[in-house]
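Descriptive analysis of the structure
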2 protein chains.
Amino acid sequence: MTQTPTVNFANFLHELSKVTSAMKGFMRQKFKEHDVNITFEMLQVLRFLWGKDGVNQQEIADAILKDKASLTYLLDNLVRRKLVQRTEDSQDRRNKIITLTDEGQEMKDLIMPWITEMFEIAGRNIPSELIGSGLILFEAIYLNFEQQNK
Amino acid sequence: MTQTPTVNFANFLHELSKVTSAMKGFMRQKFKEHDVNITFEMLQVLRFLWGKDGVNQQEIADAILKDKASLTYLLDNLVRRKLVQRTEDSQDRRNKIITLTDEGQEMKDLIMPWITEMFEIAGRNIPSELIGSGLILFEAIYLNFEQQNK
DNA sequence: GTTTAATAGTTAAACAACAAACTAATTTTA
DNA sequence: TAAAATTAGTTTGTTGTTTAACTATTAAAC
């Protein structure tokens, strides 16, 4: 067990924010260049649906780490843009089933290459073992907080 | 030079979000428990000022990675809570100098231990070399995006 | 079987982020 | 020095997040 100096961790958080905003910024730039009127957060929803369509809001929320109130709001905006639609689930009327519209489905072909490009840039000249360490590190930190909240 | 699979990176982003929200959640919890009416973002401003008081808004914005419009808003909220004050800079009247009030200064003694605790929890049982790898990784990713935007 | 729990989704209010347009002050440059 | 460019800060509009209270529906417990 090693004691990690606080100052090191403060740096860590700072760099982490820089990476997050660089990635968001990259996508925002792409959207702007191609006149695609969506946000990074809406993309998170679409990206999930491109992989698995026809689920309820809670499942999307859990998958992309947002609460259900945020999802309601995000989906309102996606419905307004005619990219997804809500249907009531006749099996369980508490659920609303979210499906992509044709337009929402088609966006995949346009946008997925940008995501690939973003990850390609991010990982440029970085050994995959280093990415692996990052993953292990994140999981360890997250587990530490989980442990704390028990 | 190793090619990093996209799927790996998507995971990376996901875990990164989990860590970020665990940390924000931890602080939010502390604030709530002790009836401290500030947010994580306001804390970022205070934390900077505890280290260096009496600077203009842009310097704070650059240091904590926010744009100046967000800073205007955050400072409005901090002024309303009587934790900081704005003064016009007589040397350069474009500037507004931000200083802590006594109350804002005193909060340091209350809150800093929570930040230390947060970092202590985060780093529990994590070798400092792994944190070091994380830092190197972030800096590399960030530089990749910087390079891209030249 | 009726009461109680839990689950899915919505709403409202306060807070925050981002872009774009704006004012005011200072610096550069021609 | 006068015009142009830069810098600091504000404002507005749209979007996103969080908490808490709320409705409706389903499942569990008694």
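Residues numbered from 1 in each chain as written. Chains lettered and ligands numbered in written order. Predicted model: local features only at pLDDT ≥ 70, side-chain atom pairs only at ≥ 80, totals over all residues. Heavy atoms only, no water.

Describing the overall build of chain A
- Helices and strands together make up the secondary structure of chain A, namely six helices and three strands.
- Going from N to C terminus, chain A has its helices and strands arranged as α-α-β-α-α-β-β-α-α.
- Against the compact-globule benchmark of 15 Å for 150 residues, chain A has a radius of gyration of 18 Å, which places it well outside the compact range.
- Projected onto its principal axes, the C-alpha coordinates of chain A cover approximately 55 × 40 × 25 Å.
- Once local pairs closer than 6 in sequence are excluded, the contacts in chain A between residues at least 24 apart make up 53%. (Helix = DSSP H or I, 4+ residues; strand = E, 2+ residues; numbered from the N terminus. Rg over C-alpha atoms; globule rule 2.2 N^0.38 Å. Contact = heavy atoms within 4.5 Å.)

Regarding the pairing of strand β3 (residues 96–100) of chain B
All names here are of chain B.
- Two elements, strand β1 (residues 55–56) and β3, share two bridges in a ladder whose sense is antiparallel. Its bridge partner being in β3, Asn56 is matched across the sheet by Ile97.
- Two elements, strand β2 (residues 84–88) and β3, share five bridges in a ladder whose sense is antiparallel. Looking at β3, one finds that Gln85 is bridged to Thr99. (Pairing = 2+ DSSP bridges.)

Notes on the interface of chain B and chain A
- Contacts between chain B and chain A engage 51 residues on the former and 52 residues on the latter.
- Surface buried jointly by chain B and chain A totals about 5400 Å² across both partners, of which 76% is contributed by carbon and sulfur atoms.
- Broken down residue by residue, the surface that chain B buries against chain A is led by Phe119(B), Phe138(B) and Phe145(B), which jointly contribute 12%.
- At the surface where chain B touches chain A, the tally comes to zero salt bridges.
- For the side of chain B that touches chain A, the secondary-structure elements that each account for two or more residues are α1 (6–33), α5 (102–122) and α6 (128–148) of chain B.
- Here the side of chain B that touches chain A takes 17 residues from α1(B), the largest share from any one element. (Buried area = accessible area lost by both parts, 1.4 Å probe. Salt bridge = Lys/Arg side-chain N within 4 Å of Asp/Glu carboxyl O.)

Some words on the sheet that holds strand β3 (residues 96–100) of chain A
All names here are of chain A.
- Strands sit in the order β1-β3-β2 across an open sheet of three strands; the sheet is antiparallel. Unpaired on one side and paired on the other, β1 (55–56) and β2 (84–88) mark the two borders of the sheet.
- Where helix α4 (residues 68–80) meets the sheet, its contacts fall on β2 and β3, and the angle it forms with β2 comes to roughly 115°. (Axes fitted to C-alpha atoms, helices over the stretch in contact; angles between N-to-C directions.)

Comments concerning helix α2 (residues 40–51) of chain B
- Along its 12 residues, α2(B) runs 17 Å from first to last C-alpha, staying within 8% of the 16 Å computed at 1.5 Å per residue.
- Burial in α2(B) covers these residues: Phe40(B), Met42(B), Leu43(B), Val45(B), Leu46(B), Phe48(B), Leu49(B) and Trp50(B). (Expected span 1.5 Å × (residues − 1). Buried < 20%, exposed > 50% of the residue type's maximum accessible area, 1.4 Å probe, protein only.)

Looking at the relation of the copies chain B and chain A
- When chain B is fitted onto chain A, the two copies agree to an RMSD of 0.1 Å after a turn of 180° and an axial shift of 0.0 Å. Expressed as a symmetry operation, the mapping of one chain copy onto the other fits a two-fold axis. Residue Gly134(B), judged by its C-alpha, is the member of chain B lying nearest the rotation axis, at 2.7 Å.
- Taken as a fraction of all interface residues of chain B, those also at the interface in chain A reach 98%, which identifies the copy contact as same-surface. (Least-squares fit on C-alpha atoms with pLDDT ≥ 70 in both.)

Some details on the nonpolar core
- Formed by 95 residues in total, the largest nonpolar core has its most connected members in Met27(A), Ile111(A), Ile141(A), Met27(B), Ile111(B) and Ile141(B).
- Of the residues forming this core, the biggest block, 11 residues, is contributed by α1(B).
- For Met27(A), the contacting residues outside a window of four places in its chain are Phe40(A), Leu43(A), Ile111(A), Trp114(A), Ile115(A) and Met118(A). (Core = buried A, V, L, I, M, F, W, Y, C linked by side-chain atoms within 4.5 Å.)

With respect to the protein's contact with DNA strand D
- The environment of DNA strand D is formed by 27 residues, the closest being Thr39(A), Asn77(A), Arg93(A), Gln58(B) and Lys68(B).
- Per the 4 Å cut-off to the protein, sugar and phosphate atoms form 70% of the nearby atoms of DNA strand D.
- One of the side-chain nitrogen or oxygen atoms of Arg93(A) is found 2.5 Å away from a phosphate oxygen of DNA strand D.
- Elements with a contribution of two residues or more to the surface near DNA strand D: α2 (40–51) and α4 of chain A together with α1, α3 (57–63) and α4 (68–80) of chain B.
- Counting residues per element, the surface near DNA strand D draws most heavily on α4(A), at six residues.
- For the surface near DNA strand D, the per-class residue count stands at five nonpolar, eight polar and 14 charged. (Near = heavy atom within 4 Å. Polar contact = N/O pair within 3.5 Å; in protein donor to acceptor, adjacent residues only side chain to side chain. Nonpolar A, V, L, I, M, F, W, Y, C, P; charged D, E, K, R; others polar.)

Digging into the protein's contact with DNA strand C
- As a matter of local geometry, DNA strand C sits amid 28 residues, with Gln58(A), Lys68(A), Thr39(B), Lys66(B) and Arg93(B) nearest to it.
- Within 4 Å of the protein, the contacting atoms of DNA strand C are 74% sugar and phosphate, with bases supplying the remainder.
- In this structure, a phosphate oxygen belonging to DNA strand C sits 3.3 Å away from a side-chain N or O atom of Lys32(A).
- Lys66(B) places a side-chain nitrogen or oxygen 2.6 Å from a phosphate oxygen of DNA strand C.
- Counting residues per element, the surface near DNA strand C draws most heavily on α4(B), at six residues.

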